[in-house]
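Letter by letter, the chains look like this.
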Amino acid sequence: GQNIDQPTEMTATEGAIVQINCTYQTSGFNGLFWYQQHAGEAPTFLSYNVLDGLEEKGRFSSFLSRSKGYSYLLLKELQMKDSASYLCAVPGSGGYQKVTFGTGTKLQVIP
Amino acid sequence: DSGVTQTPKHLITATGQRVTLRCSPRSGDLSVYWYQQSLDQGLQFLIQYYNGEERAKGNILERFSAQQFPDLHSELNLSSLELGDSALYFCASSVQDSNNYGYTFGSGTRLTVV
């Protein structure tokens, strides 16, 4: 099965940088997803990592270390609208079907 | 608009009742997934259908059932409802062999059992 661990909550200041960590255990690695979810809304896709290293997409970057079972999401130049939950997720052993989501990290951006 | 349509958006019903949630996947997507998200909890996988067939089952209660129809829309049936079934129910879809883009989620159905 899959197991995912993320911090429950984080607070950061507008304009700053924040790193949200995720550790996972899974049988048969098939990549790792990050999703953003505003309260009461649907999750939206942010990134997918399957190889080790850092992938940058504008203000958001995602890092993966398969040997350590570790990923992080880096958010730069924080904006108030970045206040949301950030979900780390891993697909099941059969592929990206049956993706298992972590409970998410609730990020609060303060002025 | 993500392309995944869920109806209704809100549903309030009494304990013991039965409800049906509906999902139309994004055009071209053959897989439909149902997730439950209770207050302050993570997304819990319920069930997956691919092209009309059940492919994977998660922690879905026996009181819950689902199906996917030939036009690929899916319905999640919840019966003998309990207060604890109050949650956001999300449907997501994907192309079977998609990669790098994960799921596309619908906006969800908020179910309140009173």
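Please read all numbers here as calculations on a predicted model, not as lab measurements.

Definitions and cut-offs
Residues numbered from 1 in each chain as written. Chains lettered and ligands numbered in written order. Predicted model: local features only at pLDDT ≥ 70, side-chain atom pairs only at ≥ 80, totals over all residues. Heavy atoms only, no water. Phe/Tyr/Trp six-rings, centres within 6.5 Å; stacked < 30°, edge-to-face > 60°. Helix = DSSP H or I, 4+ residues; strand = E, 2+ residues; numbered from the N terminus. Buried < 20%, exposed > 50% of the residue type's maximum accessible area, 1.4 Å probe, protein only. Disulfide = S-S within 2.5 Å. Pairing = 2+ DSSP bridges. Axes fitted to C-alpha atoms, helices over the stretch in contact; angles between N-to-C directions. Contact = heavy atoms within 4.5 Å. Polar contact = N/O pair within 3.5 Å; in protein donor to acceptor, adjacent residues only side chain to side chain.

J.: Just give me the short version of the packing of aromatic side chains, but keep the residues and values in it.
T.: Applying the stated criterion across every chain yields a total of 19 aromatic pairs over all chains. Plain terms: the ring middles of A:F33 and A:F45 are 6.3 Å apart, the flat faces sit at 70° to each other, and that makes the pair edge-to-face. Of the two residues, A:F33 sits in strand β4 (residues 32–37) while A:F45 sits in strand β5 (residues 44–49), which places them 12 residues apart along the sequence. For the ring pair B:F90 and B:F105, a centre distance of 6.1 Å and an interplane angle of 90° mean the geometry is edge-to-face. Note that B:F90 is positioned in strand β9 (residues 87–94) and B:F105 in strand β10 (residues 104–105), a separation of 15 residues in sequence. Take B:F90 and B:F105: they sit in the same class, and that class is buried. Members of the aromatic cluster, joined through ring pairs, are A:F33, A:Y35, A:F45, A:Y48, A:F101, B:Y33, B:Y35, B:F45, B:F90, B:Y103 and B:F105.

J.: Talk me through the state of the cysteines; I want residue IDs and the actual numbers.
T.: All names here are of chain A. Under the definition given, this model contains two disulfides over all chains. Note on cysteine connectivity: C22 is disulfide-linked to C88, with sulfurs 2.0 Å apart. Judged by the sign of its S-S torsion, about -65°, the cystine formed by C22 and C88 is left-handed. Taken as a pair, C22 in strand β3 (residues 18–25) and C88 in strand β9 (residues 84–90) lie far apart in primary sequence, 66 residues in all.

J.: Which residues make up the sheet that holds strand β8 (residues 74–78) of chain B, and what are the values?
T.: Where strands meet in a sheet, backbone hydrogen bonds hold them as pairs that are either parallel or antiparallel. Residues and elements named next belong to chain B. Read across the sheet, four strands follow the order β1-β3-β8-β7 without closing on themselves; strand pairing throughout is antiparallel. Edge positions in the sheet fall to β1 (5–7) and β7 (64–68), since each has one partner strand and no second. The sheet shows a mean angle of 15° between the axes of neighbouring strands, direction not considered. Sheet topology note: the β1/strand β3 (residues 19–24) ladder contains three bridges and is antiparallel. Its bridge partner lying in β3, T5 is registered against S24.

J.: Would you mind going over unusual backbone geometry in detail, with residue names and values included?
T.: Residues and elements named next belong to chain B. Looking along the chain, the bond that leaves T7 and enters P8 is cis, with omega of -10°. By secondary structure assignment, the location of P8 is in the loop between β1 and β2 (10–13). With a phi close to 80°, L72 is a non-glycine residue in the positive phi region. Tracing the sequence through the fold places L72 in the loop between β7 and β8. According to the relative accessible area criterion, L72 is buried, its value standing at 17%. Even without being a glycine, S80 presents a positive backbone phi close to 45°. Mapped onto the elements, S80 comes out in the loop between β8 and β9.

J.: Just give me the short version of the environment of A:Q36, but keep the residues and values in it.
T.: Residues and elements named next belong to chain A. Mapped onto the fold, Q36 is located in strand β4. Judged by its relative accessible area of 12%, Q36 falls in the buried class. Along the sequence, Q36 and S47 sit 11 residues apart, while their C-alpha atoms lie 9.7 Å from each other. Those residues in contact with Q36, other than ones at most four positions away along the chain, are A42, P43, T44, L46, F60, K81, D82, A84, S85 and Y86. A distance of 3.0 Å separates a polar atom in the side chain of Q36 from a polar atom in the side chain of Y86.

Function cannot be read off these values alone, since they describe shape.
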